[in-house]
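# Commentary on secondary and tertiary structure
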Amino acid sequence: MTPLSKATAAAGALLAAAALLAAGPAQAAPGGTRDGDYLYLTVTQGENQSGDARGTVLLCDPPQGHSHAAEACAELAAADGDVARLTPAKDAMCPMVYAPVTAQARGQWNGRPVEYRETFSNSCQMAARTGPVFALDD
């Protein structure tokens, strides 16, 4: 198994675990299903995802699993779960240094699947564009 397929398999396993966690206990009421909002977030150094990677599962009901879960969930709620529609920082000033990072999100928001992937020129650009959502460092 190649390192990339191992990483993909691990990401799939974490996403499945997040789905189980988000589902919570079975509801006693007829037709009582709970659609939780969750995303598996990763940030990888480089364009081809062969660099160092960090990842976490963000759960939003209640916010948990992420060092900035409440802020990230609030930003995502304002964008209706669409990472591409997050409001960029207005006063960010980033250096013009090329050190690419790739941000990826997979999961579910309001019962809809979420798939997002974007490569930014550096981590400052990513932070300015996505705010607390991909702020995975403690």
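Refer to the structure above for everything that follows.
Let me begin by describing the structure that accompanies this report.

Criteria and cut-off values
Residues numbered from 1 in each chain as written. Predicted model: local features only at pLDDT ≥ 70, side-chain atom pairs only at ≥ 80, totals over all residues. Heavy atoms only, no water. Helix = DSSP H or I, 4+ residues; strand = E, 2+ residues; numbered from the N terminus. Buried < 20%, exposed > 50% of the residue type's maximum accessible area, 1.4 Å probe, protein only. Areas by Shrake-Rupley, 256 points an atom, 1.4 Å probe, with all protein chains shown as cover. Salt bridge = Lys/Arg side-chain N within 4 Å of Asp/Glu carboxyl O. Disulfide = S-S within 2.5 Å. Contact = heavy atoms within 4.5 Å. Polar contact = N/O pair within 3.5 Å; in protein donor to acceptor, adjacent residues only side chain to side chain.

### As for the overall build of the chain
In terms of regular secondary structure, the chain is built from three helices and five strands. Written out in order from the N terminus, the α and β elements of the chain read α-β-β-β-α-β-β-α. Scored against the burial criterion, the 138 residues of the chain give a buried share of 36%. When the accessible surface of the chain is summed, it comes to about 8100 Å², and 56% of that surface belongs to carbon and sulfur atoms.

### Thoughts on the pattern of salt bridges
With the rule as written, the count across this model stands at one salt bridge. Ionic pairing is found between Arg-112 and Asp-80, a salt bridge with its closest N-O pair at 3.1 Å. Of the two residues, Arg-112 is situated in strand S5 (residues 112-120) and Asp-80 in the loop between helix H2 (69-78) and strand S4 (101-109); the sequence distance between them amounts to 32 residues. Using a relative accessible area of 33% as the deciding quantity, one classes Asp-80 as partly exposed.

### Details of the state of the cysteines
For the structure on display, the rule yields two disulfides. Each sulfur in the disulfide pair Cys-60 and Cys-73 lies 2.0 Å from the other. Linking Cys-60 and Cys-73, the disulfide has an S-S dihedral of approximately -85° and is accordingly described as left-handed. Of this pair, Cys-60 sits in strand S2 (residues 53-60) while Cys-73 sits in helix H2, and the two are 13 residues apart along the sequence. Note on Cys-60: relative accessible area 15%, which makes it buried. Note that Cys-94 is cross-linked by a disulfide to Cys-124, the S-S spacing being 2.0 Å. Judged by the sign of its S-S torsion, about -75°, the cystine formed by Cys-94 and Cys-124 is left-handed. Of the two residues, Cys-94 is situated in the loop between H2 and S4 and Cys-124 in helix H3 (residues 123-130); the sequence distance between them amounts to 30 residues. Residue classification places Cys-124 among the partly exposed residues on the basis of a relative accessible area of 26%. Counting its disulfide-bonded cysteines in sequence order, the chain shows a connectivity of 1-2, 3-4.

### Topic: the environment of Glu-118
In this structure, Glu-118 sits in strand S5. In this structure the C-alpha to C-alpha distance between Glu-118 and Gln-104, which are 14 residues apart in sequence, comes to 6.6 Å. Non-local contacts of Glu-118, meaning those with residues more than four positions away in its chain, are made with Val-101, Thr-102 and Ala-103. A polar atom in the side chain of Glu-118 sits 2.6 Å from the side chain of Tyr-116.

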